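# Survey of secondary and tertiary structure
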Amino acid sequence: MSVWSLLAREIATVTGEPFAIARQRSVGGGSINAAYRIDGDPAQGSDRVYFIKLGNLAAVDMYAAEAAGLQEMHATHAIRVPQPVCWGTLDSSAYVVMEFIDLGRGRSDSATRLGQHLAAMHRHESDRFGWHRHNTIGSTPQVNSPSHDWIEFYREHRLQFQLRLARRQGYDGGWMQDAERLCDRLPALFSSYQPTASLLHGDLWSGNYGYDPAGQPVIFDPATYYGDRETDMAMTELFGGFPAEFYRAYNQAYPLDSGYELRRPLYKLYHLLNHLNLFGSGYMGQVQRAVAQCLTSI
Ligand code: ADP
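First, a word on what this report is: a plain description of the structure on this page. As the structure is a prediction and not an experimental result, all values here were calculated from the model.

Time to look at the packing of helix α6 (residues 229-236) against helix α8 (residues 260-279). Across the interface, α6 lies against α8 with an axial gap of 8 Å and an inter-helix angle of 75°. The angle between the axes of α6 and α8 places the two elements in the roughly perpendicular class. Counted together, E230, T231, M233, A234 and M235 of α6 and Y260, R263, R264, Y267, K268 and H271 of α8 form the full contact between these two elements. Residue composition of the contact of α6 with α8, grouped by class: 5 nonpolar, 2 polar and 4 charged.

What follows is the structure, given as structure tokens:
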């Protein structure tokens, strides 16, 4: 049986409704996985449409964590996220199946709603930073061991973790010593600020949101955990930024602390280090600038 027939059988079992695939089409835009849209065959009683990621067996944990992240965000009803349907392995492939959402450019108030809905999601809090499981950021492991101490969590599981990977890849030099110094001095950036453990998307760059046909914002491809909401906001500003209405609406709904601008380079740094580790030395300049920027304010 082909992987598509096996998938159709799995979807039918999980949903309890017949499902046969009429056609599958590759969906572009992803940076990591092969993604497809599959359309059910109305002649066989199944006109539903799903979005699928397929990868090799090693991707099974990554997909399970992605599905768990989507479920966690979905359960808040604060913002639309694709509802996961099933995930696991079939034959020699790993897969995750989720609701297909026809993503478009949105309406005039969609960016405002994105700000409001993200703020509403960030109001969902945990008593600890981290999560009940580890996941990935891009394809890099992301450790979410729960902690009551945000500074310790961010230092160890975010910065130091990426710095270790960078060293293993041979990156070194003065900037690495500066980054270590930054890790030692982190508390200086939190002297009058106590972050709460907000539910985060975790990888909120402009390629990971869109708008459904009704103009409602949708976020997807998460690296979910509970942490300082400023980290999600810093990520939105990393590659091109989000529309101005998004920031206005977010700040109206859930104002950011006045010290956010001082911590922004710190929170960008995690993602920049991850890009350095995943995609190479083209990110070195931005990494070094972020480290230097953090050090000027402490
Ligand atoms: P990757 O894990 O490879 O980065 P993404 O999750 O970003 O993949 O998905 C790739 C592209 O597919 C996205 O840029 C988006 O346009 C589209 N997409 C993602 N999720 C859905 C969905 N549930 N329904 C429809 N299209 C989706």
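Direction of pairing for strand β2 (residues 34-40) relative to strand β3 (residues 49-56): antiparallel, over a ladder of 6 bridges. Within β3, the residue paired with R37 across the bridge is F51. Judged from the 7 bridges that link them, β3 and strand β5 (residues 93-99) form a sheet pairing that is antiparallel. When the bridges of β5 are listed, Y50 appears paired with E99.

Turning our eyes to something else, we now look at the state of the cysteines. Inspection of every chain in the model, using the stated rule, returns 0 disulfides. Cysteine C183 shares no disulfide, and the gap to the nearest cysteine sulfur, in C294, comes to 9.8 Å.

This part takes up the packing of aromatic side chains. Counted according to the given criterion, the structure contains 18 aromatic pairs. Between W4 and Y36, the aromatic rings sit 5.0 Å apart at their centres with planes inclined by 80°, giving edge-to-face as the arrangement. Remark: Y36 occurs in strand β2 and W4 occurs in helix α1 (residues 3-15); sequence separation between them is 32 residues. Of the residues examined, W4 reaches a relative accessible area of 16% and is grouped as buried. On the numbers, 4.9 Å between centres and 75° between planes, the contact of F246 with Y247 is edge-to-face. Taken as a pair, F246 and Y247 share a single burial class, namely buried. Feature note: the residues F129, W150, F153, Y154, Y225, Y267 and Y270 constitute an aromatic cluster, connected by ring pairs. Of note, R37 hangs over the ring of F100, and the distance from its end group to the ring centre comes to 4.7 Å.

Moving on: the packing of α8 against helix α9 (residues 284-296). Running from amino to carboxyl end, α8 crosses α9 at an angle of 155°, the nearest separation of the two axes being 9 Å. By the angle between their axes, α8 is roughly antiparallel relative to α9. In this structure, α8 crosses over α9, and the sense of that crossing is left-handed. Taken together, the residues of α9 that come into contact with α8 (itself represented by P265, L266, L269, L272, L273 and L276) are M284, Q286, V287, A290, V291, Q293 and C294. The residue makeup of the contact of α8 with α9, split by class, is 11 nonpolar, 2 polar and no charged.

Strand order in the open sheet formed by 5 strands is β1-β2-β3-β5-β4, and the pairing between neighbours is antiparallel. Of all the strands in the sheet, just β1 (21-27) and β4 (84-90) have a single pairing partner and so form its edges. Strand-to-strand twist of the sheet, defined as the mean angle between neighbouring strand axes without regard to direction, takes the value 25°. Here β1 runs beside β2; their pairing, made up of 6 bridges, is antiparallel. The residue bridging R25 from the neighbouring strand is R37, located in β2. Helix-sheet contacts for α1 involve β1, β2, β3, β4 and β5, and the interaxial angle to β4 is about 135°.

This part takes up the pattern of salt bridges. In this structure the tally under the stated criterion is 15 salt bridges. A salt bridge links D39 to R25; the nearest nitrogen and oxygen atoms lie 3.6 Å apart. Taken as a pair, D39 in strand β2 and R25 in strand β1 lie far apart in primary sequence, 14 residues in all. Residue E152 pairs with R155 through a salt bridge whose shortest N-O separation is 2.8 Å.

This part covers the nonpolar core. Among the nonpolar cores identified, the biggest contains 74 residues, and W175, I219 and L266 are the most heavily contacted of them. When residues of this core are assigned to their parent elements, the largest contribution, 8 residues, is made by α8. Every residue in contact with L266, bar those within four places of it in the chain, is listed here: Y154, L159, L182, L186, L189, F190 and C294.

Here we have 3 strands laid out as an open sheet, ordered β6-β9-β12, and antiparallel in their pairing. On the outer flanks of this sheet lie β6 (125-126) and β12 (225-227), each paired with one strand and no other. As paired elements, strand β9 (residues 197-200) and β12 share 3 bridges and run antiparallel to each other. Residue pairing in the sheet places S198 in a bridge with G227 of β12. Strands in contact with helix α3 (residues 110-122) are β6 and β9; relative to β9, the strand with the most contacts, it is inclined by about 130°. Relative to β9, α6 is tilted by about 40°, and along the sheet it contacts β9 and β12.

Parameters and conventions
Sequence order as written defines residue numbering, which begins from 1 separately in each chain. Selection of residues for local features in this predicted model requires a pLDDT of at least 70, selection of side-chain atom pairs for listing and counting requires 80 or more, and totals for whole chains, interfaces and linings are taken over all residues. Excluding hydrogens and water, the side-chain values take into account all heavy atoms of the structure. As a rule, the C-alpha atoms of each element are fitted with a line to give its axis, helices using only the stretch in contact, and angles between N-to-C directions run from 0 to 180 degrees. Numbering of helices and strands starts at the N terminus; helices are DSSP runs of H or I of at least 4 residues and strands are runs of E of at least 2. Roughly parallel covers angles under 35 degrees, roughly antiparallel covers those over 145, roughly perpendicular covers 65 to 115, and oblique covers all other angles. In what follows, residue pairs with any heavy atoms lying within 4.5 Å of each other are defined as contacts. In this classification, the charged set is Asp, Glu, Lys and Arg, the nonpolar set is Ala, Val, Leu, Ile, Met, Phe, Trp, Tyr, Cys and Pro, and all remaining amino acids, among them Gly, are polar. By definition, two strands form a pair when at least two bridges between them are found by DSSP. Two cysteine sulfur atoms form a disulfide, by the criterion used here, when they sit within 2.5 Å. Any two of the Phe, Tyr and Trp rings considered here, Trp counted by its six-membered ring, make a pair once their centres fall within 6.5 Å; the pair's planes then place it as stacked at under 30 degrees, edge-to-face at over 60, or tilted in between. Each residue's exposure class comes from its accessible area (1.4 Å probe, protein chains only) as a fraction of the maximum for that residue type: buried when under 20%, exposed when over 50%, partly exposed otherwise. For a Lys NZ or an Arg CZ to count as sitting over a ring, it must be within 6 Å of the ring centre and within 35 degrees of the ring normal. For any helix crossing, the convention is left-handed if the near helix is rotated counterclockwise from the far helix by under a right angle, and right-handed if that rotation is clockwise. Salt bridges are identified by distance alone: a Lys or Arg side-chain nitrogen within 4 Å of an Asp or Glu carboxyl oxygen. Here the nonpolar core consists of buried residues drawn from Ala, Val, Leu, Ile, Met, Phe, Trp, Tyr and Cys, with membership extended through side-chain atoms lying within 4.5 Å.

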